[in-house]
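# Coordinate analysis (summary)
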Amino acid sequence: MKRISLTQHLIEQQRLHNSIPAELRLLIEVVGRACKTISHAVGKGALGEVLGSADSENVQGEVQKKLDIISNEILLEANEWGGHLAAMASEEMESIHPIPNRYPQGEYMLLFDPLDGSSNIDVNVSIGTIFSVLKAPDGMKSPTEQDFMQSGRKQVAAGYAVYGPQTMLVLTTGNGVHCFTLDREMGSWVLTQRDMQIPAETKEFAINASNARHWHPPVTRYVNEMLAGSAGPRQKDFNMRWIASMVADVHRILNRGGIFMYPADAREPDKPGKLRLMYEANPMAFIVEQAGGAATDGKQAIMDIQPEKLHQRVPVFLGSKSEVELVTRYHQE
Ligand code: P6P
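Residues numbered from 1 in each chain as written. Predicted model: local features only at pLDDT ≥ 70, side-chain atom pairs only at ≥ 80, totals over all residues. Heavy atoms only, no water.

The name given to the protein chain in an unreviewed UniProt entry is Fructose-1,6-bisphosphatase class 1, with Collimonas fungivorans as the source organism.

Structure (structure tokens):
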């Protein structure tokens, strides 16, 4: 089979859809290169003296792993010189990161969770990088956090890298979802799946069931009906998976269907769930909708939410459309 590189794919997409100007192509290629570097660091594990926790916390109050910080630095350094970005924002940094004055300012803004699934790093379970691309507001001079407050519908690109048995890059620029596998010998991304489509029906659900006693009634009802299996109202048996790495759970759902849930619960009413809107939920929602699935916060499409804070959290229900619509309907009743 003819090997299609990331660059060739992006140029072909530009010819077909006029959706990837040169600056955006450069941005995606640079992020792709940074993810290769992160994959290499992650793959070293103990041999690279990169496991374990740093003696610091991120803005979320979570203990940072050494690889969290290393991955964040890799993405910052890879992207600040190219002239394609005006600013960056990261789960690992409290405020936005404007491009240093020594470099030209570009028209895009990059948001990322540099290494999602940190709790899995030290036990060799798949983790990933999630990224989202917005356009800088016209006429913007010096970027502020407010310039990032754009709904998910404004994303011009989104993707993730998953560092598992294979390292893969999944990408959308608004014309379908395409997957690349890292050829480690050549050090290049090779197109391995075009136009990924999430099966509308599924028998798999993903949720951290240890939080069940804290769930709100619509989630409890939805999950209990699945647990009741073929004897219950759904009249079929379901299977559960929870990897505790959103990237790995979403990748499974993209390939074989399912629903991923991180709901708000009674523990922290002012913190609706654990996942962040701008650099976890929005990029994943873009990918999932482009693959024929759905993504809501239980009430509305995630990408319709008007952001107010850079690190705001949001409940997440995403995956096979029929299941997301059902659990969302339960929230309306
Ligand atoms: P819990 C990883 O820390 C993460 O942000 C997501 O990747 C993952 O889905 C979720 O948190 C796991 O959360 O509460 O099950 O550890």
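This is not the end of the story, as more comes after the structure.
### Regarding the overall build of the protein chain
Stated formally: Note on conventions: DSSP H or I runs of at least 4 residues are helices, E runs of at least 2 residues are strands, and numbering of each starts at the N terminus. Taken over C-alpha atoms, the radius of gyration is set against a globule rule of 2.2 Å times the number of residues to the power 0.38. Under the scheme applied here, a residue whose accessible area is under 20% of the maximum for its type counts as buried, over 50% as exposed, and between as partly exposed, the area being computed with a 1.4 Å probe on protein chains only. Contact between two residues is taken to exist if any of their heavy atoms lie within 4.5 Å; hydrogens are not considered. Charge counting follows a simple rule: Lys and Arg are positive, Asp and Glu are negative, and His as well as the terminal groups are ignored. Charge positions are represented by NZ for Lys, CZ for Arg, CG for Asp and CD for Glu.
Tallying secondary structure elements over the protein chain gives 7 helices and 15 strands in all. Here the protein chain has a C-alpha radius of gyration of 19 Å; the compact-globule value for 333 residues is 20 Å, and the two agree. On the principal axes, the C-alpha backbone points of the protein chain span a range of 65 × 45 × 45 Å. Taken over 333 residues, the protein chain has a buried fraction of 58%. In the protein chain, the share of contacts with a sequence separation of at least 24, taken over all contacts with a separation of at least 6, comes to 63%. Computed over 33 positive and 40 negative side-chain charges, the inter-centroid distance for the protein chain is 5 Å.

### Remarks on the pairing of strand E1 (residues 53-57)
We apply this condition: Between any two strands, at least two bridges found by DSSP are needed for them to pair.
Judged from the 2 bridges that link them, E1 and strand E2 (residues 63-65) form a sheet pairing that is antiparallel. Bridging across to E2, Glu57 finds its partner in Val63. Linkage of E1 to E2, two consecutive antiparallel strands, is achieved through a turn of 5 residues, within which Gly61 is found at a positive phi near 80 degrees.

### Observations regarding the UniProt feature "binding site: substrate" (unreviewed entry) in the protein chain
Formally: UniProt positions are given in the numbering used here, feature names are shortened, and annotations may be inferred rather than shown by experiment.
Per the UniProt record, "binding site: substrate" (unreviewed entry) is found at Asp116, Gly117, Ser118, Ser119, Asn208 and Lys274. Structurally, Asp116 can be placed in strand E5 (residues 108-116). Among the residues examined, Asp116 registers a relative accessible area of 8% and is labelled buried. The residues touching Asp116, leaving out its near neighbours within four places in the chain, are Ile127, Gly128, Ile130, Ser245, Met246, Val247 and Glu280. Tracing the backbone shows Ser118 in the loop between E5 and strand E6 (127-135).

### Examining the pattern of salt bridges
Where side chains of opposite charge bring their charged atoms close, a pairing between them can arise. Selection rule: Salt bridge, as applied in this entry: a Lys or Arg side-chain nitrogen positioned within 4 Å of an Asp or Glu carboxyl oxygen.
The full count for this structure, using the stated rule, is 18 salt bridges. A salt bridge links Asp304 to Arg153, with the shortest nitrogen-to-oxygen separation between them at 2.7 Å. Of the two residues, Asp304 is situated in the loop between strand E14 (294-296) and strand E15 (316-319) and Arg153 in the loop between E6 and strand E7 (157-163); the sequence distance between them amounts to 151 residues. Given a relative accessible area of 41%, Arg153 falls into the partly exposed group. In this structure, the salt-bridge partner of Arg252 is Glu204, at a minimum N-O distance of 3.6 Å. Placement of Arg252 in helix H5 (residues 246-256) and of Glu204 in strand E11 (residues 204-206) is noted, with a sequence separation of 48 residues between them. Because the salt bridges share partners, they merge into one network encompassing Glu204, Asp249, Arg252 and Arg256.

### Considering the packing of aromatic side chains
The relative placement of two aromatic rings is captured by the distance of their centres and the angle of their planes. Just so we agree on the cut-off: Aromatic contacts are taken between Phe, Tyr and Trp rings whose centres are within 6.5 Å, Trp giving its six-membered ring; a plane angle under 30 degrees counts as stacked, one over 60 as edge-to-face, and the others as tilted.
In this structure the tally under the stated criterion is 3 aromatic pairs. Arranged with centres 5.3 Å apart and planes meeting at 25 degrees, the rings of Trp242 and Phe260 form a pair that is stacked. Pair noted here: Trp242 is in the loop between strand E12 (239-240) and H5 and Phe260 is in strand E13 (residues 259-262), with a separation of 18 residues, a long-range link. Residue Trp242 is classed as partly exposed on the basis of its relative accessible area of 25%.

### Looking at helix H3 (residues 66-79)
Which entries qualify depends on this criterion: For a helix, the expected span equals 1.5 Å multiplied by the residue count minus one.
Along its 14 residues, H3 runs 20 Å from first to last C-alpha, staying within 8% of the 20 Å computed at 1.5 Å per residue. Where H3 is concerned, the buried positions are Leu67, Asp68, Ser71, Asn72, Ile74, Leu75, Leu76, Ala78 and Asn79. As for H3, its buried residues are in contact with helix H2 (22-44), E2, strand E3 (85-90), strand E4 (97-98), E5 and E6.

### What about the domain arrangement of the protein chain?
As a reminder of what qualifies: Where each domain begins and ends follows an automated or database-derived domain assignment. By convention, the term buried area covers the 1.4 Å-probe accessible surface removed from two parts as they join, with the contributions of both added. Throughout this description, a polar contact denotes any pair of N or O atoms lying within 3.5 Å of each other; where both atoms belong to protein, one of them has to be capable of donating a hydrogen while the other can accept it, and for residues adjacent in sequence the pair is counted only when both atoms sit in side chains.
Domains assigned within the protein chain are domain 1 (6-193) and domain 2 (204-332). Contacts between the two partners involve 50 residues from domain 1 and, on the opposite side, 34 residues from domain 2. Buried surface at the junction of domain 1 and domain 2, summed over both partners, amounts to about 3000 Å²; 59% is from carbon and sulfur atoms. The largest per-residue losses of area from domain 1 upon contact with domain 2 belong to Met149, Arg153 and Tyr160, which jointly make up 22% of the total buried on that side. Applying the counting rule to domain 1 against domain 2 returns 3 salt bridges. Joining domain 1 to domain 2, the criterion identifies 20 residue pairs in polar contact (both at pLDDT 80 or more).

### Digging into the site of the ligand
Definition in use: Near residues are defined by distance, with any heavy atom within 4 Å of the molecule or strand qualifying the residue. Note on areas: Shrake-Rupley with a 1.4 Å probe; residue coverage comes only from the protein chains shown. For this classification, Asp, Glu, Lys and Arg are treated as charged, while Ala, Val, Leu, Ile, Met, Phe, Trp, Tyr, Cys and Pro are nonpolar and the rest, including Gly, are polar.
With respect to spatial proximity, the complete set of residues near the ligand consists of Asp116, Gly117, Asn208, Trp242, Ala244, Ser245, Met246, Phe260, Tyr262, Lys274, Leu275 and Glu280. Asp116 places a side-chain nitrogen or oxygen 2.5 Å from an oxygen atom of the ligand. For the ligand, the accessible surface in isolation is 390 Å², of which the surrounding protein chains cover 85%. Residue classes in the shell around the ligand are distributed as 6 nonpolar, 3 polar and 3 charged.

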